[in-house]
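Understanding the architecture of this molecule
Each chain, written out:
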Amino acid sequence: MLEMLKAQPADKILALMQAFRDDPRTDKIDLGVGVYKNAEGHTPVMRAVKAAERRLVETQDTKAYTGLLGDPAYSDAMREMILGDAVAADRVSCAATPGGTGAIRQALELIKMAAPEATVWLSAPTWPNHPSIIKYLGMKMAEYRYFDDATRDVDFAGMMADLDRIAEGDVVLLHGCCHNPTGANLTLEHWQVVSDHLNAKGAIPFIDIAYQGFGDGLDADAAGTRLMARNASQMLIAASCSKNFGIYRERTGLVMAIADNAAMKPVTQGTLAYLNRQNYSFPPDHGARVVTMILNDPELRADWMAELEEVRLGMLSLRKHLAEELRQRSNSDRFDFIADHRGMFSRLGATPEQVEKMRADDGIYMIGDSRINIAGLNARTIPVLAQAIIDAGV
Ligand code: LMR
């Protein structure tokens, strides 16, 4: 049997992580995988997470199974954080999942069960794991234009022209904020237009929100998702706590399915429970419990929000610094988009050859499509990157 297996293509983000580790140069710069790092290049455990974990160790008196959907208190706290009061709780089914990827996978499986013929529309470009999982599940997919290589902003006219081709019952996957890999985001006016368009077409929005709090703030980053939720009769959401709580390895995510009305909730929620049972039975609990404790405890919540805000503002200031450095070195404003983008990533618009040159000559690791992780930079490395970008002829 095993001799029948074929080597699978490497995930380009994870392959780059390995290549960076294997590079013996001591002054190498890692701008690859989307993991937050402070100025010392460290990914710290957030203060509120440590405090909640300490409390949990002291007070937890059982490790018996929770429910198939996870702890309802976790779902409630997350639903409130993401949706606010945009939708009545009795329309929203939730399941805890292993990370944001687990939430995406469960949402896709639900789509496959309910509408096996539906096409899932992805932004071009998008996070590579989106098409990879859809392909693995044997589902139909299509792309809509999203990024304008010339302006390094959203190609909204192109996006809407492509979304004109969606059929009734199709699913459109959107990034809730901090678009990965480009860093270019929809305005609220754009969200409204897309939402009205999907409603007119009878298509279903599916929002991947993995960086809430990394762009313009916790509420501002959810504004597009909330607008769409208010306007849609059905919607899917995949959320991740990896980044905003810094608990990457705890695999803490949530899938939400918003139905037309409360009467549809039992079957929708039951389907999410069934899917959890088929795939991994009970979802991981530790990260979810820590997140619940933080969100429900005013003191822990305030401290977490303060630290998240420090992280967000730190990334914004790195963006400004890099844009200024490039303005000086290029004698132009053509890199100002870096300061306008939001979240962890920006796509520089370099060719694969230029990306390779920066890696070979300067030990700078970015994804082949020239996505950089802003959080991988610091005051010392910004001038190095800026000069490398100029030297590579970007
Ligand atoms: C990324 O895009 O780098 C992150 O979402 C990490 C991952 O799993 O790819």
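Residues numbered from 1 in each chain as written. Predicted model: local features only at pLDDT ≥ 70, side-chain atom pairs only at ≥ 80, totals over all residues. Heavy atoms only, no water.

**Describing the layout of surface pockets**
There is about 1000 Å³ of room inside the largest pocket. Elements that contribute at least two residues to the lining of the largest pocket include exactly helix 1 (12-22), strand 1 (29-30) and helix 4 (99-114). Counting residues per element, the lining of the largest pocket draws most heavily on helix 1, at 5 residues. In terms of residue class, the lining of the largest pocket is made up of 19 nonpolar, 14 polar and 12 charged. No fewer than three residues from each of domain 1 (10-45 + 309-391) and domain 2 (65-296) sit in the lining of the largest pocket. Reported here for the second largest pocket is a volume of approximately 510 Å³. Around the second largest pocket, the lining is made up of 13 residues, and of these P9, N129, S132, I133 and Y136 lie nearest the centre. Elements that contribute at least two residues to the lining of the second largest pocket include exactly helix 4 and helix 5 (129-136). Counting residues per element, the lining of the second largest pocket draws most heavily on helix 5, at 5 residues. (1 Å grid on protein atoms, 1.4 Å probe; cavity = no way out; pocket = protein on both sides within 12 Å on 5 of 7 lines; lining within 4 Å. Points joined across faces, edges and corners; volume = space filled by probe spheres on them. Helix = DSSP H or I, 4+ residues; strand = E, 2+ residues; numbered from the N terminus. Nonpolar A, V, L, I, M, F, W, Y, C, P; charged D, E, K, R; others polar. Domains from an automatic or database assignment.)

**Some points on the site of the ligand**
In the vicinity of the ligand, the residues found are I13, V33, G34, W127, N180, Y211, K243 and R371. At 3.4 Å from an oxygen atom of the ligand is found a side-chain nitrogen or oxygen belonging to Y211. Within the side chain of K243, one N or O atom sits 3.3 Å away from an oxygen atom of the ligand. Mapping the ligand onto the cavity grids shows that it belongs to the largest pocket. The residue inventory of the shell around the ligand, partitioned by class, reads 4 nonpolar, 2 polar and 2 charged. There are two domains that each give the shell around the ligand at least three residues, and those are domain 1 (10-45 + 309-391) and domain 2 (65-296). (Near = heavy atom within 4 Å. Polar contact = N/O pair within 3.5 Å; in protein donor to acceptor, adjacent residues only side chain to side chain. Sits in = over half its atoms within 2 Å of the grid points.)

**What to know about the sheet that holds strand 9 (residues 235-240)**
Taken in spatial order, the 7 strands of this open sheet run 2-10-9-8-7-3-4, and their pairing is mixed. Looking at which strands have only one partner, the edges of the open sheet turn out to be strand 2 (92-97) and strand 4 (140-145). Put simply, the sheet's adjacent strands are angled 20 degrees from each other on average, direction ignored. In this structure, strand 3 (residues 119-124) lies alongside strand 4, joined through 6 bridges in parallel fashion. Its bridge partner lying in strand 4, W121 is registered against A142. Strands strand 2, strand 3, strand 7 (171-175), strand 8 (204-209), strand 9 and strand 10 (253-258) of the sheet are contacted by helix 4, whose axis makes an angle of about 160 degrees with strand 9. Its contacts with the sheet place helix 7 (residues 188-201) against strand 7 and strand 8, and it is angled at close to 165 degrees to strand 7. (Pairing = 2+ DSSP bridges. Axes fitted to C-alpha atoms, helices over the stretch in contact; angles between N-to-C directions. Contact = heavy atoms within 4.5 Å.)

**Considerations on the packing of aromatic side chains**
In the structure shown here, the tally under the stated rule is 6 aromatic pairs. Ring centres 6.3 Å apart and planes at 40 degrees place the aromatic pair F335 and F337 in the tilted group. Given the relative accessible area of 2%, F335 is considered buried. Look at F337 and you get buried, because its relative accessible area is 7%. Grouped by ring-pair contacts, the aromatic residues Y211, F214 and F345 constitute a single cluster. In this structure, K28 packs its charged tip against the face of F20, placed 4.5 Å from the ring centre. Of note, R371 hangs over the ring of F345, and the distance from its end group to the ring centre comes to 3.7 Å. (Phe/Tyr/Trp six-rings, centres within 6.5 Å; stacked < 30°, edge-to-face > 60°. Buried < 20%, exposed > 50% of the residue type's maximum accessible area, 1.4 Å probe, protein only. Lys NZ or Arg CZ within 6 Å of the ring centre and 35° of its normal.)

**Re the pairing of strand 10**
Taken across its 6 residues, strand 10 has 6 buried, putting it largely inside the fold. Side chains G253, V255 and A257 of strand 10 all project onto a buried face; the interleaved residues L254, M256 and I258 project onto the opposite face, where all are buried too. Bridge analysis of strand 2 against strand 10 gives 6 bridges, and the strand direction is antiparallel. Within the sheet, the bridge partner assigned to V92 lies in strand 10 and is I258. Inspection of the sheet shows strand 9 paired to strand 10 by 6 bridges, in the antiparallel sense. When the sheet's bridge partners are listed, A239 is paired in strand 10 with L254.

**Regarding the domain arrangement of the protein chain**
Accessible area lost upon the coming together of the parts is a frequently used measure of interface size. Once the domains are mapped, the protein chain shows domain 1 (10-45 + 309-391) and domain 2 (65-296). Each of domain 1 and domain 2 has a C-alpha centre, and these two points are 27 Å apart. The partner domain 2 presents 24 residues to the 22 residues of domain 1 that form the contact. Summing both partners gives a buried area of about 1800 Å² for domain 1 against domain 2, and 57% of it is carried by carbon and sulfur. Scanning the region where domain 1 abuts domain 2 turns up 1 salt bridge. (Buried area = accessible area lost by both parts, 1.4 Å probe. Salt bridge = Lys/Arg side-chain N within 4 Å of Asp/Glu carboxyl O.)

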